[in-house]
Amino acid sequence: MPQATVTPPPLSDAQHAAIRQAVESHQSLPGALLPILHAIQDALGWVPAEAVPVIAGALNLSRAEVHGVISFYHHFHTAPTGRTVVQVCRAESCQAKGGELLEAHAKTLLGVDWHGTTADGTVTLEPVYCLGNCACSPAIQVGDEILGRMSCARFDAVIAGLREEVAA
Amino acid sequence: MSIRIFVPIDSGALSVGANEVAKAIAAEAAKRGIDIELVRNGSRGLYWLEPLVEVDAHAGRLAYGPVTVEDVPALFDAGFVDGGMHRLGHGLTEHIPFLAGQERLTFQRVGITAPLSLDDYLAHGGFAGLTQAITLDGAAIVKAVTDSGLRGRGGAAFPTGIKWNTVLNTAGSQKYVVCNADEGDSGTFSDRMLMEGDPFCLIEGMAIAGLAVGATQGYIYLRSEYPHAFKTLKAAIELARAAGWLGADVAGSGRAFELEVRLGAGAYICGEETAMLESLEGKRGIVRFKPPLPAIQGLFGKPTVINNVMSFAAVPLILAKGAAFYRDYGMGRSHGTLPFQLAGNLRHPGLVEKAFGITLRELLLDYGGGSASGRPIRAVQVGGPLGAFVPESQFDVPLDYETYAAMGAMIGHGGIVAFDDTADMARLARYAMEFCATESCGKCTPCRIGSTRGVEVIDRIIAGEAREANLDLLDSLCDTLLHGSLCALGGMAPYPVKSALKHFPEDFGVEPVTAE
Ligand SMILES: Cc1cc2nc3c(=O)[nH]c(=O)nc-3n(C[C@H](O)[C@H](O)[C@H](O)COP(=O)(O)O)c2cc1C
Ligand code: SF4
Ligand code: FES
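About the thresholds
- Residues numbered from 1 in each chain as written.
- Chains lettered and ligands numbered in written order.
- Predicted model: local features only at pLDDT ≥ 70, side-chain atom pairs only at ≥ 80, totals over all residues.
- Heavy atoms only, no water.
- Helix = DSSP H or I, 4+ residues; strand = E, 2+ residues; numbered from the N terminus.
- Buried < 20%, exposed > 50% of the residue type's maximum accessible area, 1.4 Å probe, protein only.
- Areas by Shrake-Rupley, 256 points an atom, 1.4 Å probe, with all protein chains shown as cover.
- Pairing = 2+ DSSP bridges.
- Axes fitted to C-alpha atoms, helices over the stretch in contact; angles between N-to-C directions.
- Contact = heavy atoms within 4.5 Å.
- Buried area = accessible area lost by both parts, 1.4 Å probe.
- Salt bridge = Lys/Arg side-chain N within 4 Å of Asp/Glu carboxyl O.
- Polar contact = N/O pair within 3.5 Å; in protein donor to acceptor, adjacent residues only side chain to side chain.
- Near = heavy atom within 4 Å.
- Nonpolar A, V, L, I, M, F, W, Y, C, P; charged D, E, K, R; others polar.

Looking only at helices and strands, one finds seven helices and four strands in chain A. If one aligns the C-alpha atoms of chain A with their principal axes, the spans along those axes are about 50 × 35 × 25 Å. Evaluated residue by residue, chain A yields a buried proportion of 52% over its 168 residues. Accessible surface for chain A amounts to roughly 7400 Å². Of this, 54% is attributable to carbon and sulfur atoms.

This is the structure:
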């Protein structure tokens, strides 16, 4: 399937500053690494490689240790994602309500496989294993918003909405 | 006086449009010059009716749902603000059979109160348990929890009081209380509902644990998939601290308890308690060997109480009403109630809190209303992604920890996912192996490699390649996982696989015992 290959652009000064800010405001917490990584991803949308030495220095860890933690967790992106991350639940309750159909539909509509970003950079498609919205299966998450009782038709409308936002 | 109208702020309700409905109601009321007070409550757990709008009529709260934005003008036309009849009306919420039959102890306030209203919380019995606890010494609090018969609701069902007692009796300059709010099991959402709908209850339970064992710092390890719960908990902690229920002097007891929420990062294995501790310490979520038990050497090497959200949330009531009150619910050694979560292919999915001993058939039919598709329910996965598939022939077995274990199944965190007769059990078995491969922490070879092999073997069985040989291979792979895994991810992944094979062999191309 076609997938946009995104080469991370060099970080701007503002992005470097955001990384430093995320590190400085959390480094004194016990077990600071995850809070720092969350703060970086919240600010930038991903965790750039340039952040690794900054974090390692501040927490007195090796770069390999920091890298190992980042790559362990599904939540952290090590490359920029599309403008919006769309997660489709693959877990059992959603499967029982036609989730597999929705998965296939999402991949076809967007022209990407899991973890892929659409050619126009609007959407990155991710699998997720339960959103805790199983009583309204099938469920998806669009950015920070969880949507339930998702149908293929509603999915089309959601994606169309995201594309309009970009066009606007 | 203005009329109170309730529209849930629970993320499940939001996922089907509750915010839009709330806005439409406010706008329509303003347009018609009707004075309303819009209250954002938790969810009652009747999800097929969400967004469920309630109106506080004088005789009680009346339910309307599922309400869409388009329905709002018609609801006003029907005079729903005065309890007028409408096709979406269900009468008194408390009388809806799904709710009326429940035994809501842990969920006593969820859906009734505004989650961040301390006044509501206090008016509905909140902080009675903590107020009682500050009059007791640690050992007496632990005794109450032990006597209640409460067992861990996160999956392993270990007696909570015994765990607390270990922490109480272990010396430590610093002790911790950690709440496992990773709720990774698919088909489960009770932790989320409580954290979003009654966050002070969890805070109160954890503060009681802190007083009981002498811990001054608590952490809630929350999965990153719960952004709404995260916001609600943070706000609730601030409010509780400002009101003196947390902080340096908890409720005037002279004892300190601080609380902080930490986010996970999308790793199922971080629900395993030692992997969770690693994650809280800022490391990869790799399972630790036990011993040492976390109760003795837990977070940062210190004695640590770890419990599930539901376990902590049961504690305030136990302290307020006494151990016997809680203990008298249930059957056998399964005391109290369990908030069951009905999901999958059901007409009435939602939360059902009942005493142990109820059967799957009652839950699926009396509460769940049968399948959503109208087709027969063929298999039910109980206890999350590592739980066994239960066939119809076992629907009448009472839900009790020991009885379920005896039939090779588990209740776990109480998730119940129903599949109708279109379910392909071989694909579901494949999925269980795939899930294990995706989420393995990588420490043990059987789990890391064996699960990937398992996927391949099931693929070959589905394709009909050397079926006999591959079935044997699958069997021995399952045995290796069962016996060669450090934790239950690898150790229980064979449960869904083996139960699917045993009860639904025809889906694997194997002749059932009673041939057609
Ligand atoms: C793979 C795996 C995942 C788990 N996930 C969770 C979870 O999401 N939430 C939870 O409370 N317990 C989970 N547990 C159980 C915990 O290890 C631990 O037993 C529990 O948090 C203890 O609390 P309790 O005694 O109150 O149940 C999991 C265990 C395993 C092996
Ligand atoms: S069984 Fe799997 S998840 Fe559990 S410790 Fe071993 S490798 Fe890690
Ligand atoms: S299984 Fe999809 S939201 Fe839980």
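Still more to cover.
On to the sheet that holds strand E7 (residues 217-222) of chain B. Residue and element names in this part refer to chain B. If you trace the four strands from one edge of the open sheet to the other, you get E8-E7-E6-E9, paired in parallel fashion. Because the sheet does not close on itself, it has two edges, and the strands there are strand E8 (258-263) and strand E9 (304-308). When the angles between neighbouring strand axes are averaged without regard to direction, this sheet yields 20°. Taken together, the six bridges between strand E6 (residues 176-181) and E7 define a ladder with parallel strand orientation. From the neighbouring strand, Tyr 176 faces E7, where its bridge partner is Gln 217. The strands touched by helix H10 (residues 199-213) are E6, E7, E8 and E9; relative to E6, the strand with the most contacts, the crossing angle is about 150°.

Opposite the 59 residues of chain B that make contact, chain A presents 38 residues. The largest contributions to the chain B side of the interface with chain A come from Ser 15, Ala 265 and Tyr 431 of chain B, which together make up 16% of the buried area. Viewed at the interface, chain A and chain B are joined by two salt bridges. The partner of Arg 427 of chain B in a salt bridge is Glu 100 of chain A, with the nearest N and O atoms 3.0 Å apart. Counting every contact that joins chain B to chain A gives 19 residue pairs in polar contact (both at pLDDT 80 or more). Listing elements by their share of the side of chain B that touches chain A, those giving two or more residues are helix H1 (11-14), helix H11 (227-242), E8, helix H12 (273-280), strand E12 (337-344), strand E16 (415-420) and helix H17 (425-439) of chain B. For the side of chain B that touches chain A, the element with the highest residue contribution is H17 of chain B, accounting for seven residues.

In this section: the site of ligand 2. In the neighbourhood of ligand 2, 13 residues make up the surrounding shell, with Cys 441, Lys 443, Cys 444, Cys 447 and Cys 487 of chain B lying closest. A per-class count over the shell around ligand 2 returns eight nonpolar, four polar and one charged.

All names here are of chain B. The environment of ligand 1 is made up of 20 residues, and the closest members are Gly 154, Asn 180, Asn 307, Asn 308 and Ser 311. Between ligand 1 and the protein, one listed contact pairs an oxygen atom with a backbone N or O atom of Gly 154 at 2.7 Å. At a separation of 2.6 Å, an oxygen atom of ligand 1 approaches a polar side-chain atom of Ser 311. Secondary structure elements with two or more residues in the shell around ligand 1: E9 and helix H20 (488-492). Per element, the largest residue contribution to the shell around ligand 1 is three residues, and it comes from E9.

Residue and element names in this part refer to chain A. Among the six residues of strand E1 (residues 84-89), six are classified as buried, and the element is accordingly described as predominantly covered. Side chains Thr 84, Val 86 and Val 88 of E1 all project onto a buried face; the interleaved residues Val 85, Gln 87 and Cys 89 project onto the opposite face, where all are buried too. Judged from the six bridges that link them, E1 and strand E2 (residues 123-128) form a sheet pairing that is parallel. Among the inter-strand pairings, Val 88 is bridged to a residue of E2, identified as Pro 127.

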